[in-house]
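# Descriptive analysis of the structure
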Amino acid sequence: ILVVVGGQAPKAIRSVECYDFKEERWYPVSELPTRRCRAGVSVLNGCVYAVGGFNGSLRVRTVDVYDPLRDQWAQAPSMEARRSTLGVSVLNNMIFAVGGFDGSIGLNSAECYDLRTGEWRMVAPMSTRRSSVGVGVLNGLLYAVGGYDGASRQCLSSVECYNPETDTWSLVAEMSARRSGAGVGVLDGLLYAVGGHDGPLVRKSVECFSPETNCWVPVADMMMCRRNAGVIAMDGLLYVVGGDDGSSNLASVEFYNPKLDSWSMLPAFMTIGRSYAGVAIIDKPM
Ligand SMILES: *[C@@H]1O[C@H](CO)[C@@H](O)[C@H](O)[C@H]1NC(C)=O
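Everything numeric here is computed off the predicted structure, so don't read it as measured data.

Below, the discussion takes up the side chain of Ser84. Within the secondary structure, Ser84 is located in the loop between strand 7 (72-76) and strand 8 (87-91). Overall, Ser84 belongs to the buried group, its relative accessible area being 1%. In this structure, Ser84 is in contact with Arg38, Gly53, Phe54, Arg59, Gly100 and Phe101, ignoring residues within four places of it in sequence.

Encoded structure:
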């Protein structure tokens, strides 16, 4: 099932809904303990972590964790830094929280959470401040894609890659377009950057990166312009959930089939339009 956590509709919300791929329907599960949008969401050990974000008044360092078997949320240890519009991914059984915005400045820092110690610790900072950054893990490396550099006030096309063995970041090839608030997902050994915006322009374009060639290549445009959407891969398809087109929050979900290089709309929409939601895939609890 696909889990969609919180988001902006139009304010930060507690609602969590799930899509059952087999039954092709949406249903609600336990709400977040606090309102949360612009968080990073990932799955570790079968539980869904909602990391940081914005609660309607403050950028937070808090973390909520969802146990699907008990349909219950609990508090997990808080990050070192307040971060909204951050990127979150799991690498080597640890949650990495990258960049984001703390309420006054875009962040270049990154930290990781180890379930065994129950603690967050800082890792090497990126070369660039990146709020509204998308992240993905491919071949044991974590990629931080685009975002917004509060210092130069530019949406970014640059991409950097973290190697946990050396605790270093290095730049890889730039995207063909500046993308802040892009959705990032990994499918069949490729890293996808989906939509996002450059200033007022919200994109429907999509490109994908191959680490073998160190090249970004365009693929088919989405059906809708989207930024701040949730992106996740499942069964050979890349799902793009909600987001906003520059004027409204979207309830629709579309998916990309790389074999056909084409996008399709999921027939069932979410119950509400939401941008800045987090998404995850988990096994359906029995
Ligand atoms: C947001 O978080 C702050 C700090 O954690 C808390 O004091 C405040 O009550 C929260 N606001 C809402 C609307 O939940």
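Further remarks concern the sheet that holds strand 26 (residues 253-257). With antiparallel pairing, 4 strands are arranged side by side in an open sheet as 24-25-26-27. Both outer strands of the open sheet, strand 24 (230-234) and strand 27 (262-265), are each paired with one neighbouring strand and no more. The average undirected angle you get between the axes of adjacent strands in this sheet is 25 degrees. Bridge count for strand 26 against strand 27 is 4 bridges, and the pairing is antiparallel. When the sheet's bridge partners are listed, Asn257 is paired in strand 27 with Ser262.

A full pass over the atoms with the stated rule returns 13 salt bridges. Notably, a salt bridge pairs Arg226 with Glu254, separated by 2.9 Å at the nearest N-O pair. Of this pair, Arg226 sits in the loop between strand 23 (215-219) and strand 24 while Glu254 sits in strand 26, placing them 28 residues apart in sequence. For Glu254, a relative accessible area of 0% corresponds to the buried category. Its salt-bridge partner being Arg227, residue Asp244 comes within 2.8 Å of it at the nearest N-O pair. Here the residue Asp244 occupies a position in the loop between strand 25 (237-241) and strand 26, and Arg227 occupies one in the loop between strand 23 and strand 24, the gap between them amounting to 17 residues. Accessibility classification places Asp244 together with Arg227 in one group, the buried group. Connected through salt bridges with shared partners, the residues Asp20, Glu23, Arg25 and Lys284 form a single ionic network.

This paragraph deals with the nonpolar core. Of all hydrophobic cores here, the largest spans 16 residues; its most connected members are Leu2, Val4, Trp26, Tyr239, Val241 and Leu266. Elements with a contribution of two residues or more to this core: strand 1 (2-5), strand 25 and strand 26.

The next thing to look at is the site of the ligand. Close to the ligand lie Arg35, Asn55, Ser57, Leu58 and Val60. Between the ligand and Asn55 there is a distance of 2.2 Å, counted from an oxygen atom to a side-chain nitrogen or oxygen. Ser57 is positioned with one of its side-chain polar atoms (N or O) 3.4 Å from a nitrogen atom of the ligand. Out of a free accessible area of 360 Å², the ligand has 46% covered by protein chains. Of the residues in the shell around the ligand, the class split is 2 nonpolar, 2 polar and 1 charged.

The next point concerns the packing of aromatic side chains. The tally for this structure, following the rule as stated, stands at 13 aromatic pairs. Ring geometry for Tyr19 against Phe21: centres 5.4 Å apart, planes inclined by 90 degrees, an arrangement best described as edge-to-face. Residue Tyr19 is classed as buried on the basis of its relative accessible area, which comes to 4%. An aromatic cluster is built from Tyr19, Phe21, Trp26, Tyr239 and Phe255, whose rings are joined through pairwise contacts. When the ring centre of Tyr276 is taken as reference, the NZ or CZ atom of Arg38 above it lies at 5.1 Å.

Another aspect to go through is the sheet that holds strand 18 (residues 183-187). As a general point, the strands of a sheet are linked pairwise by backbone hydrogen bonds and lie either parallel or antiparallel. Taken together, the 4 strands give an open sheet; going across it, the order is 18-19-22-23, and neighbouring strands pair in antiparallel fashion. Of all strands in the sheet, those bounded by a partner on one side alone are strand 18 and strand 23. For this sheet, the mean angle separating the axes of adjacent strands, direction not counted, is 25 degrees. With 5 bridges connecting them, strand 22 (residues 206-210) and strand 23 associate as antiparallel partners. The partner of Val206 across the bridge, within strand 23, is Val219.

Analysis parameters
- Residues numbered from 1 in each chain as written.
- Predicted model: local features only at pLDDT ≥ 70, side-chain atom pairs only at ≥ 80, totals over all residues.
- Heavy atoms only, no water.
- Helix = DSSP H or I, 4+ residues; strand = E, 2+ residues; numbered from the N terminus.
- Buried < 20%, exposed > 50% of the residue type's maximum accessible area, 1.4 Å probe, protein only.
- Contact = heavy atoms within 4.5 Å.
- Pairing = 2+ DSSP bridges.
- Axes fitted to C-alpha atoms, helices over the stretch in contact; angles between N-to-C directions.
- Salt bridge = Lys/Arg side-chain N within 4 Å of Asp/Glu carboxyl O.
- Core = buried A, V, L, I, M, F, W, Y, C linked by side-chain atoms within 4.5 Å.
- Near = heavy atom within 4 Å.
- Polar contact = N/O pair within 3.5 Å; in protein donor to acceptor, adjacent residues only side chain to side chain.
- Areas by Shrake-Rupley, 256 points an atom, 1.4 Å probe, with all protein chains shown as cover.
- Nonpolar A, V, L, I, M, F, W, Y, C, P; charged D, E, K, R; others polar.
- Phe/Tyr/Trp six-rings, centres within 6.5 Å; stacked < 30°, edge-to-face > 60°.
- Lys NZ or Arg CZ within 6 Å of the ring centre and 35° of its normal.

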